[in-house]
Amino acid sequence: MDFLTILGLAAATLTTISFLPQMFKTWQTKSAKDVSLLTLVTFTTGVFLWLIYGIYLQSLPIILANGVTFIFNLIILWLKIIYR
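Quick look at the structure, then. (Residues numbered from 1 in each chain as written. Predicted model: local features only at pLDDT ≥ 70, side-chain atom pairs only at ≥ 80, totals over all residues. Heavy atoms only, no water.)

## Digging into a nonpolar patch on the surface
Then, in step 1: A cluster of nonpolar side chains, namely W27, W78, I81 and I82, defines an oily patch on the protein surface of about 440 Å² accessible area.
Then, in step 2: At three residues, the largest contribution of residues to the nonpolar patch is made by helix α4 (residues 60-82).
Then, in step 3: With respect to the helices, strands and loops of the structure, W78 is situated in helix α4.
Then, in step 4: For W78, a relative accessible area of 47% gives the class partly exposed. (Patch = residues over 30% accessible without salt bridge, like charges linked within 9 Å, V, L, I, M, F, W, Y side chains within 5 Å. Areas by Shrake-Rupley, 256 points an atom, 1.4 Å probe, with all protein chains shown as cover. Salt bridge = Lys/Arg side-chain N within 4 Å of Asp/Glu carboxyl O. Helix = DSSP H or I, 4+ residues; strand = E, 2+ residues; numbered from the N terminus. Buried < 20%, exposed > 50% of the residue type's maximum accessible area, 1.4 Å probe, protein only.)

This is the structure in structure tokens:
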């Protein structure tokens with residue numbers, strides 16, 4: 001792997017795991033009142049578009065980061081809906 005791929009994977013890992021605390025907190029407290037639905041939907045849509053872009057470019061860091069982030073944000077969105 002070249003340096004840029006490693007750099008991209010490191011960035012992807014950090015930005016992706018940054019959503020874990022919010023997901024776990026929402027799950028544990030059974031409350032998503034502090035999570036903005038509009039922001040969550042907008043961000044999730046953007047991440048999905050980044051995923052499509054990464055697939056088109058065949059860029060592993062973009063695909064991995066946005067694929068996992070998309071799943072995490074779908075979980076947070078689902079929790080937001082069920083814990084209204």
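Resuming the write-up.
## A closer look at the nonpolar core
Then, in step 1: Among the nonpolar cores identified, the biggest contains eight residues, and these are F19, M23, A32, V35, L40, F72, I76 and L77.
Then, in step 2: Residue contributions to this core peak at three residues, all from α4.
Then, in step 3: Residues in contact with F72, not counting those within four places in the same chain, are T16, F19, L20 and M23. (Core = buried A, V, L, I, M, F, W, Y, C linked by side-chain atoms within 4.5 Å. Contact = heavy atoms within 4.5 Å.)

## Notes on the packing of aromatic side chains
Then, in step 1: Under the definition given, this model contains three aromatic pairs.
Then, in step 2: A centroid spacing of 5.2 Å and a plane angle of 35° characterise the contact between F19 and F43, whose relative ring orientation is tilted. Here the residue F19 occupies a position in the loop between α1 (3-17) and α2 (20-29), and F43 occupies one in helix α3 (residues 37-57), the gap between them amounting to 24 residues.
Then, in step 3: A relative accessible area of 37% places F43 in the partly exposed class.
Then, in step 4: A ring pair is formed by W50 and Y53, whose centres lie 5.5 Å apart and whose planes are at 80°; its orientation type is edge-to-face. Remark: Y53 and W50 occur in helix α3; sequence separation between them is three residues, near one turn of the helix.
Then, in step 5: Relative accessible area serves as the criterion here: at 41%, Y53 is assigned to the partly exposed category. (Phe/Tyr/Trp six-rings, centres within 6.5 Å; stacked < 30°, edge-to-face > 60°.)

## Structural notes on the environment of L79
Then, in step 1: Mapped onto the elements, L79 comes out in helix α4.
Then, in step 2: Here the alpha-carbon distance between L79 and I63, two residues 16 residues apart in the chain, equals 24 Å.
Then, in step 3: Leave out the neighbours within four places in its chain, and L79 touches M23, T26, W27 and A32.

## Here we look at the side chain of T44
Then, in step 1: Secondary-structure assignment places T44 in helix α3.
Then, in step 2: Judged by relative accessible area, which is 5%, T44 ranks as buried.
Then, in step 3: Apart from residues no more than four positions distant in its own chain, T44 is found in contact with F70, N73 and L74.

## Considering unusual backbone geometry
Trans is the common state for peptide bonds, and a negative phi is the common state for residues other than glycine.
Then, in step 1: Located in the positive-phi region is K30, a residue other than glycine, with phi close to 55°.
Then, in step 2: For K30, the position within the fold is in the loop between α2 and α3.
Then, in step 3: Residue classification places K30 among the partly exposed residues on the basis of a relative accessible area of 46%.

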